[in-house]
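# An overview of the molecular structure
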Amino acid sequence: MCVGRHLTMTITPSLSSAADATRATAPPCVLELQACYRSYGPVLALAPITLRVQRGAVCTVTGPNGSGKTTLLRIAAGLLKPSGGARTGDEPALYAAAGDGARASQTVGQAVAVAAALGGGDVEEAIELAGLSALRTSTVGELSAGQRTRVTLATVLAGNPAIACLDEPDAHLDADGRRCAAGVVDRLARRGAAVLIATHDRRWLEERQDGHLELSPSRGGSGD
Ligand SMILES: Nc1ncnc2c1ncn2[C@@H]1O[C@H](COP(=O)(O)OP(=O)(O)OP(=O)(O)O)[C@@H](O)[C@H]1O
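The structure reproduced in this document is the subject of the present report. (Residues numbered from 1 in each chain as written. Predicted model: local features only at pLDDT ≥ 70, side-chain atom pairs only at ≥ 80, totals over all residues.)

## Some points on the sheet that holds strand β1 (residues 7–11)
Applied cut-off: Two strands are said to pair when DSSP picks up at least two bridges between them. Working definition: helices are DSSP H or I runs of at least four residues, strands are E runs of at least two. Numbering for both runs from the N terminus. Note on method: axes are straight lines fitted to C-alpha atoms, helices fitted across the in-contact stretch only, with angles between N-to-C directions ranging 0 to 180 degrees.
Here we have 4 strands laid out as an open sheet, ordered β1-β3-β2-β5, and mixed in their pairing. Only two strands of the sheet have a single partner each, and these edge strands are β1 and β5 (84–88). Pairs of neighbouring strands in the sheet enclose a mean axial angle of 20 degrees, with direction left out of account. Note: strand β2 (residues 29–40) against β5, 4 bridges, orientation antiparallel. Counted as the bridge partner of Q34 is A86 from β5.

Take a look at the structure:
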């Protein structure tokens, strides 16, 4: 049995992609979670949530440690089965935590090129927007934590997902890095991706948020 307040939300983009701007109708939902929850034995990791994310919409997810942010993002990306409820989303989905997306032995350029070969994104654009031009030939294993977060952002952009689930993409980033992260998120959304972002501080995204979920460990939850 699952207890906990059922959170329901539809996330609609405030900025339309070029394709959607020409349509009269609202952009379609790329991702839908219907009453999804997840438990581990007696632990309710994620209380029931019904979430619809339209093409080009950005949704931030906040909450204290253990409140279910990663669980939600992994379910949204199709990596983790919910204990109950259903996920709908047939287009390519990607989950990435800071530091994911590259092997230590690769150069930055190689890591981004591999992601682009799989997903069809643009290598040059990804490297530039992530602020990695000066590190292109550096080996990933020799980078700082913040530089590796930038590589993760670049590989996500190059991977060109329709559903991008970014787990703390601001981890270890300085002010310039957070601006780059916001630029990558904006680019993903303008391409029409549904973007979910778990973060402990959503201010770096400024106006580029179309919806927000606040999770709490023993909840309930609330949204705006
Ligand atoms: N594999 C697992 N086995 C058992 N419990 C788990 C497992 N994964 C997560 N949990 C539990 O589910 C709850 C939610 O975890 P989750 O990682 O989703 O939280 P979070 O909000 O992402 O936390 P953080 O801010 O620390 O990253 C926690 O109580 C955690 O202990």
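## Notes on the site of the ligand
As a reminder, the rule being used: Nearness is defined per residue: the C-beta atom, placed using the backbone, must lie within 6 Å of the molecule or strand. Three classes are used, and their members are as follows: Ala, Val, Leu, Ile, Met, Phe, Trp, Tyr, Cys and Pro are nonpolar, Asp, Glu, Lys and Arg are charged, and the others, Gly among them, are polar.
Around the ligand sit Y40, V43, A45, G63, N65, G66, S67, G68, K69, T70 and T71, and those are all the residues in its vicinity. Sort the elements by how many residues they give to the shell around the ligand and helix α2 (residues 69–76) lands first, with 3 residues. For the shell around the ligand, the per-class residue count stands at 3 nonpolar, 7 polar and 1 charged.

## Details of the packing of helix α5 (residues 145–159) against helix α6 (residues 175–190)
Basically, it comes down to this: Roughly parallel means an angle under 35 degrees; roughly antiparallel, over 145; roughly perpendicular, 65 to 115; everything else is oblique. Contact between residues is assigned whenever the C-beta positions, reconstructed from backbone atoms, fall within 7 Å.
Across the interface, α5 lies against α6 with an axial gap of 10 Å and an inter-helix angle of 10 degrees. In terms of orientation, α5 lies roughly parallel with respect to α6. Note on element contacts: α6 touches α5 through G177, C180, A181, V184, R187 and L188, opposite G146, T149, R150, L153 and L157. Of the residues that constitute the contact of α5 with α6, the class distribution is 6 nonpolar, 3 polar and 2 charged.

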